[in-house]
Amino acid sequence: MEKIKVLVVGYGNVGRGVLLSLANQPDMEVVGIASRSVERVRASVKDIPVVPVDQAEEFLKLGADVAILCGGSKNDLPQQGPELVKYINTVDSFDNHSCIPQYYAAMDAAAKAAKHVAVISTGWDPGIFSLERTLANAFLPGARSYGFYGLSEAGGLSMGHSDALRTIKGVADARQFTHAVSSAIDQVRNGENPAFEAGDMHTRECFVVLEEGANAAAIEAEIKAMPGYFAPYKTTVNFVTQEELDSKYKGFPHDGCVVAASVTGKGNQATVEYRCKWASNPEATANVLVAHARAAVRMNKAGDCGAKTILDIPARLLSPLSYEELLKKFM
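Bear in mind the structure is a predicted one, so any value in this text is a computation, not a measurement.

Novice: Residue-level account of the sheet that holds strand β13 (residues 269-278), with values.
Specialist: The strands making up a sheet are joined through hydrogen bonds of the backbone, oriented either antiparallel or parallel. Taken together, three strands build an open sheet; the order of strands is β7-β12-β13 and the sheet is antiparallel. The outermost strands of the open sheet, each flanked by one partner alone, are β7 (145-149) and β13. This sheet shows a mean twist of 15° between the axes of neighbouring strands, independent of strand direction. Bridge count between strand β12 (residues 254-263) and β13: ten bridges; the pairing is antiparallel. Within β13, the position partnered with V258 by the bridge is Y274.

Novice: An account of the pattern of salt bridges is needed here, citing residue identities and associated values.
Specialist: Tallied over the entire structure, the rule returns 13 salt bridges. A salt bridge links E58 to K61; the shortest N-O distance between them is 3.4 Å. Taking relative accessible area as the criterion, E58 reaches 27% and is therefore assigned partly exposed. A relative accessible area of 64% places K61 in the exposed class. The residue E83 makes a salt bridge to K86 at a minimum N-O spacing of 3.1 Å. Here E83 falls in the partly exposed class, since its relative accessible area comes to 29%.

Novice: Describe the environment of G199, and please don't skip the residues or the numbers.
Specialist: Note that G199 resides in the loop between α8 (182-189) and β10 (202-210). Classification of G199 as partly exposed rests on a relative accessible area of 26%. Between the C-alpha atoms of G199 and V181, which are 18 residues apart in sequence, the distance is 9.4 Å. Leave out the neighbours within four places in its chain, and G199 touches P232 and Y233.

Novice: Explain helix α6 (residues 128-139) to me, and be specific about the residues and the numbers.
Specialist: An ideal rise of 1.5 Å per residue puts 16 Å on twelve residues; α6 measures up with 17 Å between its terminal C-alpha atoms. Those residues of α6 lying buried are I128, F129, S130, E132, R133 and A136. For α6, the secondary structure elements touched by its buried residues are β7, β12, β13 and α11 (281-301).

Novice: Mind laying out the side chain of D95, listing which residues take part and the relevant values?
Specialist: If you trace the backbone, D95 turns up in the loop between β5 (89-92) and α5 (100-114). No salt bridge is formed by the buried D95. Its closest oppositely charged neighbour is R204, at 8.9 Å. Among the polar contacts made by the side chain of D95, one reaches the side chain of S73 at a distance of 2.8 Å. D95 has contacts with S73, P126, G160 and Y229, leaving out every residue within four places of it along the chain.

Procedures and definitions
- Residues numbered from 1 in each chain as written.
- Predicted model: local features only at pLDDT ≥ 70, side-chain atom pairs only at ≥ 80, totals over all residues.
- Heavy atoms only, no water.
- Pairing = 2+ DSSP bridges.
- Helix = DSSP H or I, 4+ residues; strand = E, 2+ residues; numbered from the N terminus.
- Axes fitted to C-alpha atoms, helices over the stretch in contact; angles between N-to-C directions.
- Salt bridge = Lys/Arg side-chain N within 4 Å of Asp/Glu carboxyl O.
- Buried < 20%, exposed > 50% of the residue type's maximum accessible area, 1.4 Å probe, protein only.
- Contact = heavy atoms within 4.5 Å.
- Expected span 1.5 Å × (residues − 1).
- Lys, Arg positive; Asp, Glu negative; His and termini not counted.
- Polar contact = N/O pair within 3.5 Å; in protein donor to acceptor, adjacent residues only side chain to side chain.

Structural data, given as structure tokens:
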């Protein structure tokens, strides 16, 4: 079997998760890591080539078929995505929902010009939940489909929102937990089909470590006004020490569900519900990214190009199994 060769771009929590996932894939292998912090990454990863992310001639020497982009959605991916897809097929987890149409357009133009495939905005949401919302709406005509995140009392850690917090000047470290509004879930399950605004379904809780001398009031105001991340939501900002953040809010748990309810032909109640529960959000996201990297290479080898989302990809292309094996095991 000729293995799919993968370049990992970025070595944060998702990048480390991608390496763990690739170790379990019989048809894939990592050939290198591209980073802005080459020496730091080399000190952590002894047996994998590490190259500068802004030197295409260096990472092209590694012979990768696809690059998995593990940077943040606020600053990294909007710049890196359209640039890197000029040289190689890409997969990313761009998760700023309100900006996906614009990001799709930019990636589609760059990927088509280079005749590469760019799978964007995949993970568990956007990604798996995007597909589940689409299916629920198709199977229950007229039903709205809703995604809820952070179902446990502690809520769920959002990597994208945490990364957005850390881009603010004066923030040394931060983590953001999303909490689903339980009464909103009940409304959906009852078949009310409510027309929610963004802030009706979730609240956001931030734990922020300040740099010395930082203005706490100004930073709290900037967080609550951040468009696409916190502005539409009831947001609580808690300032904590680094020790508190590391001891009380460690780990990467997250969970969520997609729910849709309506009636069938004779007015009978019908509900579609799908749930994910992850002990490690970055590792779960990484596994989804890796499966889509497999699909991206297969699609490109078949002559396809341009930007793709999970809605464009047949499920059989995500699996390492042959189509015959899939028919036997899962049909």
